Amino acid sequence: MASSNFDQDNVVRCKMNRRDIALVFIAVLVLIQGAVTVYIIVANKQTTNGELQTKLQMQQDEIEKQQDENKKQKDEIKEHQDKLTSIYSELEKAKTNQGVVYVRWGRKDCPGNGTETVYSGYAGGSYYNHAGAAVDYVCLPPDPSWGPKKDIRSYAPGYMYGAEYEDEVLFNKNYKNKDVPCAVCRSSNQSTSIMIPARTTCYTGWDEAYHGYLASGYNSHVAASQYVCVDEIPQALIGGGSSDDNGKLFYQVRTRCGSLKCPPYEEDKVLSCVVCMK
Ligand SMILES: [Ca+2]
């Protein structure tokens, strides 16, 4: 009987030991699982932090790269701006430096189309009947200044006369024998000029300075002359008087067919002229 009780106690003790062992085992498992979970969380956190730091660094690098690029572009823009400023300055200088001068015969003023009057003066030249006359029509200034040899005379001079409208029908009936004004004009918008005979307008791309009628000396006079363009609406020189002093003379110019092609020209017509600039 006593032995049976002992066996029962042993069985009970043995069952208890197994339960304890199982409980301990479960507790250990729970602990391990908890530790693993904590480890995973920490590891994940560390990984995330590392990735973020890497991303941050990459973005910082990108920003620095972009900043360098911006600086480079700014420098390039500045360089281009400096170049443009320099070109603009050169252009302004070139504009100031360029220009064209022409004489407007028969007028005291310049046309005003962007031109400045260098001076307004008197037309002049050699005497119409002198064999050794200079051919040019000149525009004399109204305020002569003399050199120190003003009164030293040689035996054989050339001469300078004033000029008259000798053609009473072309320039103005009332201007016969009246003295001829002239204006020296300058335009800074162009750099070349040309007087075109037998045209009243300029060719495309050219700007007109003025137009009028072609003039020269008379064909039977001894002195040679040249062709000049007298403004379409000529003026007489104020104070020049209308006495018949002659000197350098302005006559109309008419066509002569033969060596001159007709057509397009026509026989015995009065020629026009235009002064053009570009
Ligand atoms: Ca005369």
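Please read these numbers as outputs of a predicted model, since none were measured by experiment.

Here is what the cut-offs are and how they apply
Residues numbered from 1 in each chain as written. Predicted model: local features only at pLDDT ≥ 70, side-chain atom pairs only at ≥ 80, totals over all residues. Core = buried A, V, L, I, M, F, W, Y, C linked by C-beta atoms within 7 Å. Buried ≥ 20, exposed ≤ 12 C-beta atoms within 10 Å, placed from the backbone. Helix = DSSP H or I, 4+ residues; strand = E, 2+ residues; numbered from the N terminus. Contact = placed C-beta atoms within 7 Å. Domains from an automatic or database assignment. Pairing = 2+ DSSP bridges.

Quick look at the nonpolar core now. Trp 105, Val 230 and Phe 250 are the most contacted members of the largest nonpolar core, which has 38 residues in total. Elements supplying a minimum of two residues to this core: strand E1 (100–105), strand E4 (161–165), strand E5 (181–187), strand E7 (207–216), strand E8 (228–231), strand E9 (248–252) and strand E10 (272–277). When neighbours within four sequence positions are excluded, Phe 250 is seen to be in contact with Ala 163, Tyr 165, Glu 166, Asp 167, Phe 171, Val 180, Ala 215 and Val 230.

Let's shift gears to unusual backbone geometry. The omega angle of the peptide bond from Cys 262 to Pro 263 is -15°, so this bond is cis rather than trans. Along the polypeptide, Pro 263 turns up in the loop between E9 and E10. A cis amide bond links Pro 263 with the next residue in sequence, Pro 264, at an omega value of 10°. Despite not being glycine, Asn 177 has its phi angle at roughly 70°, a positive value.

Moving on, we come to the domain arrangement of the protein. Assigned domains of the protein: these are domain 1 (19–97) and domain 2 (100–142 + 158–277). Using only C-alpha atoms to locate each centre, domain 1 and domain 2 end up separated by 82 Å.

This part takes up the pairing of E7. Looking along a regular strand, one sees side chains alternate from face to face of the sheet. Counting buried positions along E7 yields seven of ten residues, so the element is predominantly enclosed. As defined by bridge partners, E7 adjoins E10 across six bridges and the pair is classed as antiparallel. If you follow Tyr 213 over to E10, its bridge partner there is Ser 272. Looking at chain direction, E7 and E8 are connected through four bridges and run antiparallel. Within E8, the residue paired with Gly 212 across the bridge is Asp 231. Relative to E9, E7 runs antiparallel, the two sharing two bridges. Within E9, the position partnered with Ala 215 by the bridge is Gln 252.

Moving on to the pairing of strand E2 (residues 115–125). Pairing of E2 with E5 involves seven bridges; the strand directions are antiparallel. Paired with Tyr 122 across the bridge in E5 is Pro 181. As paired elements, E2 and strand E3 (residues 138–140) share three bridges and run antiparallel to each other. Bridge assignment links Tyr 122 to a residue of E3, and that residue is Leu 140.

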